[in-house]
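Summary of structural features
Letter by letter, the chains look like this.
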Amino acid sequence: MEINRKYNIEGGNFADAGYASSDIRKVIKQLGLSPAIIKKIAIAVYEAEINVVAHAYRGVMSVTIDRDKCQVIVDDEGPGIPDIDEAMKEGFSTASEKVREMGFGAGMGLPNIRQNADDLEIDSKVDEGTRLKITIFFNQTRAV
Amino acid sequence: MANNRYFHSVRLKEDQCKGCTHCIRTCPTEAIRVHDGKAIISEERCIDCGECIRTCPHNAKYVYTDPVDMIKDYRYRVALPAPSFMAQFDQEKIGIDKVYNALNLIGFQYIYEVASAAAIVNVVTEKYLETSKKPLISSACPAVVRLILTKFPEYLEYVAMIEPPMDVAAKISKDIISKKLGIPSGEIGAFFITPCPAKVTAVKQPEAKDSSLVDGVLSMKEIYDLVMQKTKEIKEVKHYKHADRAGIIWGVHEGEIEALETQRKVAISGIHNVISFLENIDQKEFKRYDFIEAQACIPGCVGGVLAPTDKFAAKIRLKQLSDYIEKEDINPDKIIEEYGMKFFLVEKQLMPRNIDKLDLDIERAMEKAEQIEALAEEFPGIDCGACGCPTCRALAEDIVQNKATKYDCIFILREKFKEMNKEFDLLNKNRNIK
């Protein structure tokens with residue numbers, strides 16, 4: 001058994017940002033997962049969604065849930081990440097002044113995702129886009 | 001339903017219920033369904049906030065409170081008026097001292113203001129914040145605590161494990177009296193005068209502890225009426241000392257956070273506003289706060305369904321009350337030192353109820369989630385309520401949980417009738433050919 005959900009995310013649309021993560025949160029609550037797992041997924045998915053809104057032109061978030069894990073793949077069309085190691089550092093951000101003024105782009109997005117994900121893969125091509133693959137296991141003993 | 005796992009103060013007068021579906025839509029936890037023309041409240045989902053009482057046009061919902069007569073069961077009787085009670089009286093006409101004299105006449109030998117305990121809880125909170133996880137979500141409103149237990153278990157770890165002022169008031173007042181008068185604590189009855197149903201539930205079935213020291217919860221409306229009758233008998237007013245503003249102000253929105261030193265604080269009132277806050281707040285914004293006041297009623301406890309006078313007028317009266325009264329001289333720091341911090345904290349964990357869980361088995365829950373998704377597509381999505389469910393989605397959930405059928409939807413039913421009609425026509429045509 002698998003649950004699949006797909007969300008389109010529009011770059012720059014901060015007003016509607018958070019829809020995908022709030023919908024996912026509703027889905028996982030129906031599965032009776034522990035509050036700790038709900039929180040991990042909610043944060044990781046929210047940050048991934050905001051990343052697209054803040055940095056990319058558009059993106060698609062595909063969420064797959066099975067009995068063991070939640071896997072989130074975010075594909076965006078955008079500027080890409082030139083230096084992934086740099087982007088993983090807390091506080092590093094390439095967000096524009098406009099984005100920062102709105103309270104986003106504090107450079108915590110990727111570090112926050114890494115902190116809450118059990119597995120994180122990032123693939124990025126400059127001027128093309130970024131693919132994030134986030135995995136969160138439900139069995140907490142498997143978490144790092 | 002039958003085993004009554006949960007106590008509920010919000011109840012239905014079945015003969016007054018017309019099955020109108022007003023309540024099902026305002027219920028914040030989607031706890032009500034209308035079935036066979038009558039409302040049914042789910043005991044797992046209801047958080048006793050009282051929204052349905054506010055909405056019901058036929059007064060078919062009511063609050064169970066203890067009968068005032070029960071105070072006679074105790075040798076010594078303490079009234080614990082909520083701060084919101086103090087806001088019900090126009091100080092120009094009936095001063096709060098006269099109100100308390102009336103409480104004496106009703107049978108209470110001692111009055112301990114919950115506002116006084118609230119002022120202490122303010123200082124307890126300051127101390128608690130020094131080491132606690134932040135932001136701290138206030139545990140003073142029992143409806144909000146139960147909202148988090150049922151719908152937002154992921155926020156449970158932030159809820160303050162601090163005794164609410166009502167319980168602190170019962171504990172301290174019983175201690176004072178048994179020490180002063182040598183009366184055993186078991187013979188002292190402490191009675192909270194409540195503005196809301198949630199506090200009744202908090203006493204009858206407390207969370208994070210086995211029992212409450214509050215012995216009875218009395219309706220503010222009932223006590224208000226009794227006070228109004230008794231004030232006529234009062235010739236000479238005996239004067240009392242009262243809690244100061246920091247405690248009194250707890251009865252209104254933003255009152256709880258007013259005296260807190262931190263500026264990283266926010267207050268939310270209205271159960272639907274609390275839901276939208278918890279649903280929409282992002283982690284960064286959330287982490288920006290040290291303390292979150294969250295109350296089910298607008299504008300705070302004065303808006304409770306058992307508060308007899310207009311809530312906004314009451315709010316203003318409460319804000320101005322401290323200008324009229326003589327303040328007691330208490331030192332919260334000293335009181336906390338005397339009793340120790342543990343006295344002010346609840347001892348047990350909060351246990352999540354997670355009402356959204358579809359099945360104990362995750363595989364089954366996933367199947368059901370997908371079925372709901374597919375079913376919801378079939379319904380018109382206008383949330384008309386004619387099926388007795390608050391939304392089309394809720395109907396889909398009920399169907400998957402075997403609590404309803406597709407044909408409870410009048411639109412689906414109409415389509416079915418059309419189909420059946422066609423079949424009948426065909427049958428008739430066949431006969432004509434013959």
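Please read these numbers as outputs of a predicted model, since none were measured by experiment.

What counts as what
- Residues take numbers from 1 onward in each chain, read along the sequence in its written order.
- Here chains are named by letter from A upward and ligands by number from 1 upward, in the order in which they appear as written.
- In keeping with the model being predicted, local features are shown solely for residues with a pLDDT of at least 70 and side-chain atom pairs are shown and tallied solely at 80 or more, while totals for entire chains, interfaces and linings include all residues.
- To obtain the side-chain values, all non-hydrogen atoms of the structure were included, while hydrogens and water were left out.
- Runs of H or I in DSSP of at least four residues are treated as helices and runs of E of at least two as strands, each being numbered from the N terminus.
- Whether two residues touch is decided by their heavy atoms; if any such pair falls within 4.5 Å, the residues are in contact.
- To be clear on the numbers: accessible area is Shrake-Rupley with a 1.4 Å probe, and residue cover counts the displayed protein chains and nothing else.
- Like charges are joined within 9 Å and nonpolar side chains (Val, Leu, Ile, Met, Phe, Trp, Tyr) within 5 Å, but only among residues with over 30% relative accessible area and no salt bridge; these make up the patches.
- Note on definitions: salt bridges are taken to be side-chain nitrogens of Lys or Arg within 4 Å of carboxyl oxygens of Asp or Glu.
- Buriedness of a pocket was judged along seven lines, with at least five required to meet protein on both sides within 12 Å; pockets are open sets of points on a 1 Å grid over the protein atoms alone, cavities are sets where a 1.4 Å probe fits but cannot get out, and lining residues have an atom within 4 Å of a point.
- Grid points are joined across faces, edges and corners, and a volume is the space filled by probe spheres set on the points.
- The classification used treats Ala, Val, Leu, Ile, Met, Phe, Trp, Tyr, Cys and Pro as nonpolar, Asp, Glu, Lys and Arg as charged, and all other residues, Gly among them, as polar.
- Each nonpolar core is a collection of buried residues, namely Ala, Val, Leu, Ile, Met, Phe, Trp, Tyr and Cys, held together in the definition by side-chain atoms within 4.5 Å.
- Summary of the burial criterion: residues with accessible area below 20% of their type's maximum are buried, those above 50% are exposed, and those between are partly exposed, where the area comes from a 1.4 Å probe applied to protein chains only.
- A domain assignment, automatic or from a database, supplies the domain bounds used here.
- A simple way to read buried area is as the amount of 1.4 Å-probe accessible surface that goes missing from two parts once joined, with both sides added.
- By the criterion applied in these results, polar contacts are pairs of N or O atoms within 3.5 Å in which, for protein atoms, one can donate a hydrogen and the other can accept it, and in which residues neighboring in sequence qualify only through two side-chain atoms.
- Pairing between two strands is assigned when DSSP locates at least 2 bridges connecting them.
- Only C-alpha atoms enter the line fits that serve as axes; for helices the fit covers just the stretch in contact. Angles between N-to-C directions range over 0 to 180 degrees.
- When two rings of Phe, Tyr or Trp (its six-membered ring) have centres within 6.5 Å they constitute a pair, described as stacked for plane angles under 30 degrees, edge-to-face for angles over 60, and tilted for the intermediate range.
- Counting as a charge over the ring demands two things of the Lys NZ or Arg CZ atom: a distance within 6 Å of the ring centre and an angle within 35 degrees of the ring normal.

Some points on the overall build of chain A
A tally of helices and strands in chain A yields five helices and five strands. Taken from N to C terminus, the helices and strands of chain A fall in the order β-α-α-β-β-α-α-α-β-β. In chain A, once contacts between residues fewer than 6 apart in sequence are set aside, the share between residues at least 24 apart is 62%. Summing over all exposed atoms, chain A offers an accessible surface of approximately 7000 Å²; the carbon and sulfur share of this is 45%.

Notes on a nonpolar patch on the surface
Among the surface-exposed residues, Phe417(B), Met420(B), Phe424(B) and Leu427(B) lie close enough to one another that they form a single nonpolar patch of about 410 Å² accessible area. Secondary-structure assignment places Leu427(B) in helix 18 (residues 410–433).

Some words on empty space enclosed by the protein
Residue and element names in this part refer to chain B. According to the stated counting rule, one finds nine cavities of 30 Å³ or more in the structure shown. There is about 290 Å³ of room inside the largest cavity. Listed by contribution, the elements that provide at least two residues to the lining of the largest cavity are helix 3 (83–86), helix 5 (114–131), helix 6 (142–151), helix 7 (165–181) and helix 8 (197–204). When grouped by side-chain class, the residues that make up the lining of the largest cavity number 19 nonpolar, four polar and two charged. Each pocket or cavity is described by its volume, and for the second largest cavity that value is around 210 Å³.

Thoughts on the nonpolar core
Counting 132 residues, the largest nonpolar core has Leu80(B), Phe85(B), Leu103(B), Ile148(B), Tyr155(B), Val227(B) and Phe344(B) as the members making the most contacts within it. Of all the elements, helix 5 of chain B adds the most residues to this core, at ten residues. When we break this core down by domain, the ones giving at least three residues each are domain 1 (1–64) and domain 2 (68–344) of chain B. The contact partners of Leu80(B), leaving out residues within four places of it in the chain, are Tyr112(B), Val114(B), Met166(B), Ala169(B), Ala170(B), Ser173(B), Ala190(B), Phe191(B), Phe192(B), Ile193(B) and Val214(B). If you look at the next biggest cluster of nonpolar residues, it comprises 58 residues, including Tyr7(A), Ile24(A), Leu110(A) and Leu358(B).

Topic: the interface of chain A and chain B
Counting from both sides, the interface comprises 24 residues of chain A and, opposite them, 30 residues of chain B. When the two sides are added together, the surface that chain A and chain B hide from each other amounts to roughly 2400 Å², 54% of it contributed by carbon and sulfur. Summed over the three residues of chain A that lose the most area to chain B, namely Met1(A), Lys29(A) and Gln30(A), the buried surface amounts to 29% of that side. Put simply, chain A and chain B have six salt bridges between them. For the salt bridge of Arg67(A) with Glu363(B), the shortest nitrogen-to-oxygen distance reads 3.2 Å. One can count twelve residue pairs in polar contact (both at pLDDT 80 or more) joining chain A with chain B.

What to know about the sheet that holds strand 11 (residues 291–295) of chain B
Where strands meet in a sheet, backbone hydrogen bonds hold them as pairs that are either parallel or antiparallel. All names here are of chain B. Strands sit in the order 7-11-10 across an open sheet of three strands; the sheet is parallel. The sheet terminates laterally at strand 7 (136–137) and strand 10 (265–269), the two strands that pair on one side only. Two elements, strand 10 and strand 11, share five bridges in a ladder whose sense is parallel. Within the sheet, the bridge partner assigned to alanine 267 lies in strand 11 and is glutamate 293.

Some thoughts on the side chain of Glu256(B)
Residues and elements named next belong to chain B. As for its position among the elements, glutamate 256 is in helix 11 (residues 255–258). There is a polar contact of 2.4 Å between the side chain of glutamate 256 and the side chain of serine 138. Apart from the residues within four sequence positions on either side, glutamate 256 is in contact with Asn122, Ser138, Ala140, Trp250, Phe291, Glu293 and Gln295.

Concerning the domain arrangement of chain B
All names here are of chain B. Parsing chain B into structural domains produces domain 1 (1–64), domain 2 (68–344) and domain 3 (359–434). Computed from C-alpha coordinates alone, the two centres of domain 1 and domain 2 are separated by 26 Å. Contacts between the two partners involve 20 residues from domain 1 and, on the opposite side, 19 residues from domain 2. Of the roughly 1500 Å² buried at the junction of domain 1 and domain 2 (both faces included), carbon and sulfur atoms supply 66%. Looking only at domain 1, the three residues that lose the most surface to domain 2 are Phe7, Ile47 and Arg54, adding up to 36% of its buried area. Applying the counting criterion to the domain 1 and domain 2 interface returns zero salt bridges. Put simply, domain 1 and domain 2 have eight residue pairs in polar contact (both at pLDDT 80 or more) between them. No other element matches helix 2 (residues 51–55), which puts three residues into the side of domain 1 that touches domain 2.

Notes on the sheet that holds strand 4 (residues 119–125) of chain A
Residues and elements named next belong to chain A. The antiparallel open sheet is built from five strands, whose spatial order is 1-2-3-5-4. Single-partner strands in this sheet number two, and they are strand 1 (3–10) and strand 4. Along the sheet, successive strands turn relative to each other by an average axial angle of 10°, direction set aside. In terms of strand pairing, strand 3 (residues 69–77) meets strand 5 (residues 129–137) through nine bridges, oriented antiparallel. Along strand 5, the bridge assignment pairs glutamine 71 with threonine 135.

Re the packing of aromatic side chains
Residues and elements named next belong to chain B. Tallied over the entire structure, the rule returns 14 aromatic pairs over all chains. Aromatic pair tyrosine 339 and phenylalanine 344: ring centres 6.4 Å apart, planes at 85°, arrangement edge-to-face. Grouping aromatic residues by their ring pairs yields a cluster made of Phe152, Tyr155, Tyr158 and Phe286. Of note, lysine 133 hangs over the ring of tyrosine 158, and the distance from its end group to the ring centre comes to 5.9 Å.

Focus on the environment of Val214(B)
Residue and element names in this part refer to chain B. Inspection of the secondary structure assignment puts valine 214 in the loop between helix 8 and strand 9 (216–219). Look at valine 214 and you get buried, because its relative accessible area is 4%. On a C-alpha basis, the gap between valine 214 and alanine 190 in space is 5.2 Å, while along the polypeptide they are 24 residues apart. Setting aside residues no more than four positions away along its own chain, valine 214 makes contact with Leu80, Met166, Ala170, Ala190, Phe192 and Val203.

Things to note about the pairing of strand 3 (residues 38–41) of chain B
Side chains Ala39(B) and Ile41(B) project from strand 3 of chain B onto a buried face, and the interleaved Lys38(B) and Ile40(B) project onto a face without burial. Adjacent in sequence and paired antiparallel, strand 2 (residues 32–35) of chain B and strand 3 of chain B are bridged by two residues, among which Asp36(B) carries a positive phi angle near 50°.

Comments concerning the environment of Glu157(B)
As for its placement among the helices and strands, Glu157(B) is situated in the loop between helix 6 and helix 7. Residue classification places Glu157(B) among the partly exposed positions, given a relative accessible area of 39%. Considering only alpha carbons, one finds Glu157(B) and Leu136(B), 21 residues apart in sequence, at a separation of 8.8 Å. Among all residues touching Glu157(B), those that are not within four sequence positions of it are Lys39(A) and Lys133(B). A polar atom in the side chain of Glu157(B) sits 2.8 Å from the side chain of Lys133(B).

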